[in-house]
Amino acid sequence: MSAVTAEPRSHARAWFVTEHKIRAMRGYTGTIIATTIGTPLLYLFAFGVGLATLITSNVGPVPGISYLEFVAPALLATAAVLVAMEEYTFGILLGLKWNPIFVGMNSTPLTARQIVDGLMLFIGIRMLITTTVYFVVMLAFGAVPSGWGILTIVAGMLGGFAFAPVAAYSATIQEDRGQFAILQRTVILPLTLFSGTVFPLTQLPAFLQWIGWLSPLWHASELGRQFVYGPTEPIWLTVAHVVYLLALGVIGWQLCVRTVARRLNK
Amino acid sequence: MPAPVIVATDLVKKYKDFAAVDGITFEVAPGESFGLLGPNGAGKSTTMRMIGAVSTRSSGSLSILGLDPNEHGPAIRSQLGVVPQQDNLDTELRVRDNLLVYGRYFGLPRAQVAARADELLEFAQLSDRAKAKVDDLSGGMKRRLTIARALINEPRVLLLDEPTTGLDPQARHILWDRLYRLREQGTTLVLTTHYMDEAEQLADRLIVVDKGRIMAEGSPASLIREHSSREVLEVRFGSERNATAAADLAGIGDRLEVLPDRILLYAHSGEEALAEVTRRGLEPITSLVRRSSLEDVFLKLTGRSLIE
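Fair warning: this is a prediction, and the values are worked out from it, not measured in the lab.

Visitor: Honestly, the interface of chain B and chain A in this entry has me stumped. Any pointers?
Guide: Each partner contributes residues to the interface: chain B has 34 residues there, and chain A has 31 residues. Approximately 2800 Å² of surface area, both sides summed, lies buried where chain B meets chain A, with 53% of it carried by carbon and sulfur atoms. Along the contact surface separating chain B from chain A lie three salt bridges. For Arg-110 of chain B, the salt bridge is made with Glu-19 of chain A, and the minimal N-O distance between the two is 3.1 Å. Broken down by secondary-structure element, the contributors of at least two residues to the side of chain B that touches chain A are strand 1 (6–15), helix 2 (69–77) and helix 3 (95–105) of chain B. With six residues, helix 3 of chain B is the largest single contributor of residues to the side of chain B that touches chain A. Partitioning the side of chain B that touches chain A into residue classes produces 16 nonpolar, eight polar and ten charged.

Written out as structure tokens, the structure reads:
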């Protein structure tokens, strides 16, 4: 009896969620432009022009690579991770609890999967903008010797994607007891410092180097370096970076879909 | 008779051991305005979420627009309009933008959504607020915007969960007027409420729900006729004396309810009952004669008031 309206394909529906998020982002255009352009300028200036003057010895396995060239891919990846983390934490809990737009979306034909897919796409777009601007600033600072350098954008985005398990965790939080602040201080901040970002992982005592091997940020930074001034490592390791980052991202994404679906179906 | 738009049979929703909805059965015909009346925690919202195809039932059968929500959630939801108990408008978007993004979820083309959004803002009397921030709207305006949003896909059934809870009387009347118009246009309405006046205003037919079960079913008028007297005499003797006075009132009218603050005497004629009270030498501090309402039906059926 029912005249079911034409069903747009699943991916098309996910895009409507992305569209919504982009429209909501317009309210913060000024802030976003300022931070997207300001952050790379400040960081590359501080590290590349300031700190670099103190660092005269070689930092990587390749002689002739400046500290700026070494640190820039890691800073780009860190920026991508921070943008993604914002959405994986506040973006998720905002939609489920504080400004429960996911609940509203779910009362339309949208499914939990489409909602999460749309959000991930939005995060991808945000990371793309951030890393592209970062890359342009890197070019301006002369921090990209290789022609493959542009691929560091992909490396950075993979790094952000690999933190998707955080989104699945956020979707399980019922009450905000400062979990995000704890996560930020005890996991994210240490990772940004000890993932071979501002100094090579080999500088860490051997018993601490596992932090880097587990850290998506180390894999993303090393991957970015391969494109910016590499190759400096065996090809299998480069492939391993990509596989590791993709695997974490896909697992987190799928877990997030499941958790959100369970939470919306009360 | 046209096929019903909703058929629920022995519908159950359990959370661990607790049955929020404990075997309810009802049908809703197209164009009907159907109400679920009951106190907070009766299982009304849970029922609404199952009808809205977002909450999986624990047992029983359910058909919405001829489809099983377990199998065809998105197809069902594409034809529903949902006004949840708690507004979930996007406070990061402006008023009109809320309608635009929502319309897109149904896969409607941009131009169509934009035209429809303007019509609905007109309907919701919010045209002059189109560019306002959601947080700057009053409670009544937010509610009207949520209703406008629920209508963006021209739904066959509009689900309203406690549409006027928390609104001041004037805002409620504006909202009722809008819903009344929808009813006149033939939109099928399903609403929950714990306000008996709202149920009387808006529902052609309703079920009285308590603790997840149906206590009674019928039109507001027939429920009152069936479960209560024509009139009610309310007398107050002061909280100290209510109980002792009640003993002296025995036999007046059909039935008597002693509430903490007043005594209700159910009688065909309230004035005659009051005359009898005075004849017995009792002097209530205040007395009031009124028509029976759904509140009285609920009290009779459950021994409790709707609003506690």
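Right, picking up where we left off after that structure.
Visitor: Can you help me understand the nonpolar core in this one?
Guide: Across soluble globular proteins, nonpolar side chains have a tendency to be buried as a group. In terms of nonpolar packing, the biggest core is built from 85 residues, with Tyr-88 of chain A together with Leu-145 of chain B touching the most fellow members. Residue contributions to this core peak at nine residues, all from helix 3 (residues 67–98) of chain A. Residues contacting Leu-145 of chain B, with those up to four places away along its chain left out, are Leu-89, Val-95, Leu-99, Leu-121, Leu-126, Val-134 and Leu-137 of chain B. If you look at the next biggest cluster of nonpolar residues, it comprises 28 residues, including Ala-8, Leu-62, Leu-67 and Leu-159 of chain B.

Visitor: In this structure, what is going on with the environment of Gly-156 of chain A? I would like to understand it.
Guide: Residues and elements named next belong to chain A. Tracing the backbone shows Gly-156 in helix 6 (residues 152–161). Classification of Gly-156 by relative accessible area gives buried; the value is 1%. Between the C-alpha atoms of Gly-156 and Thr-131, which are 25 residues apart in sequence, the distance is 6.9 Å.

Visitor: I would appreciate a short explanation of helix 11 (residues 294–302) of chain B in the present structure.
Guide: When helix 11 of chain B is considered as a whole, its buried residues turn out to be Leu-294, Asp-296, Val-297, Phe-298, Leu-299 and Thr-302 of chain B. One side-chain oxygen at the N-terminal end of helix 11 of chain B lies 3.2 Å from the backbone nitrogen of Glu-295 of chain B; it belongs to Ser-293 of chain B.

Visitor: Would you explain the pairing of strand 6 (residues 157–161) of chain B in this entry?
Guide: All names here are of chain B. With respect to burial, strand 6 is a largely interior element, five of its five residues being buried. Of the two faces of strand 6, the one carrying Val-157, Leu-159 and Asp-161 and the one carrying Leu-158 and Leu-160 are both buried. Pairing geometry for strand 5 (residues 80–83) and strand 6, over four bridges, is parallel. Considered in strand 6, the bridge of Leu-80 is made with Val-157. Where the polypeptide runs from strand 6 across helix 6 (residues 169–184) and back to strand 7 (residues 188–193), its parallel neighbour, the crossover connection is right-handed.

Visitor: Can you walk me through the packing of helix 3 of chain B against helix 4 (residues 110–123) of chain B in this structure?
Guide: Two measures define how a pair of helices packs: the angle their axes make with one another and the distance between the axes. Residue and element names in this part refer to chain B. Between helix 3 and helix 4, whose axes approach to 9 Å, the crossing angle comes to 135 degrees. On the basis of their axis angle, the class for helix 3 and helix 4 is oblique. Seen along the crossing, helix 3 lies across helix 4 with a hand that is right-handed. Contacts from Val-95, Arg-96, Leu-99, Leu-100, Gly-103 and Arg-104 of helix 3 reach helix 4 at Arg-110, Val-113, Ala-114, Ala-117, Asp-118 and Leu-121. Split into classes, the residues belonging to the contact of helix 3 with helix 4 amount to seven nonpolar, one polar and four charged.

Visitor: What am I meant to see in the UniProt feature "domain: ABC transporter" (unreviewed entry) in chain B here?
Guide: As annotated in UniProt, the feature "domain: ABC transporter" (unreviewed entry) corresponds to residues 6–236 of chain B in the numbering used here. A distance of 44 Å separates the end C-alpha atoms of residues 6–236 of chain B, which is 37% helix and 28% strand.

Visitor: In this structure, what is going on with helix 6 of chain A? I would like to understand it.
Guide: The α-helix winds at 3.6 residues per turn, so residues separated by three or four positions along the chain end up facing the same way. Residue and element names in this part refer to chain A. With eight of its ten residues buried, helix 6 lies for the most part within the structure. Among all positions in helix 6, only Thr-152, Ile-153, Ala-155, Gly-156, Leu-158, Gly-159, Gly-160 and Phe-161 are buried. Here the buried face of helix 6 lies against helix 3, helix 5 (112–140), helix 10 (216–229) and helix 11 (235–264).

Visitor: I'm lost on the pattern of salt bridges in this one. Help?
Guide: Between side chains of opposite charge, a pair can form when the charged atoms approach closely. According to the stated counting rule, one finds 31 salt bridges over all chains in the structure shown. Linked by salt bridges that have partners in common, Glu-234, Arg-236, Asp-261, Arg-262, Arg-290 and Asp-296 of chain B make up one network.

Visitor: Where do I start with the sheet that holds strand 2 (residues 18–28) of chain B in this structure?
Guide: Paired through their backbone hydrogen bonds, the strands of a sheet run either parallel or antiparallel. Residues and elements named next belong to chain B. A sheet is described by the order of its strands in space; here three strands give the open sequence 2-1-4, paired in antiparallel fashion. Bordering the open sheet on either side are strand 2 and strand 4 (59–64), each of which pairs with just one other strand. Ignoring strand direction, the axes of neighbouring strands in this sheet form an average angle of 25 degrees. In terms of strand pairing, strand 1 meets strand 2 through eight bridges, oriented antiparallel. Residue pairing in the sheet places Val-12 in a bridge with Asp-22 of strand 2.

Cut-offs used in this document
Residues numbered from 1 in each chain as written. Chains lettered and ligands numbered in written order. Predicted model: local features only at pLDDT ≥ 70, side-chain atom pairs only at ≥ 80, totals over all residues. Heavy atoms only, no water. Contact = heavy atoms within 4.5 Å. Buried area = accessible area lost by both parts, 1.4 Å probe. Salt bridge = Lys/Arg side-chain N within 4 Å of Asp/Glu carboxyl O. Helix = DSSP H or I, 4+ residues; strand = E, 2+ residues; numbered from the N terminus. Nonpolar A, V, L, I, M, F, W, Y, C, P; charged D, E, K, R; others polar. Core = buried A, V, L, I, M, F, W, Y, C linked by side-chain atoms within 4.5 Å. Buried < 20%, exposed > 50% of the residue type's maximum accessible area, 1.4 Å probe, protein only. Polar contact = N/O pair within 3.5 Å; in protein donor to acceptor, adjacent residues only side chain to side chain. Pairing = 2+ DSSP bridges. Right-handed = clockwise from strand over helix to strand, strands pointing away. Axes fitted to C-alpha atoms, helices over the stretch in contact; angles between N-to-C directions. Parallel < 35°, antiparallel > 145°, perpendicular 65-115°, else oblique. Left-handed = near helix turned anticlockwise from the far one by under 90°. UniProt positions renumbered as here; feature names shortened; annotations may be inferred.

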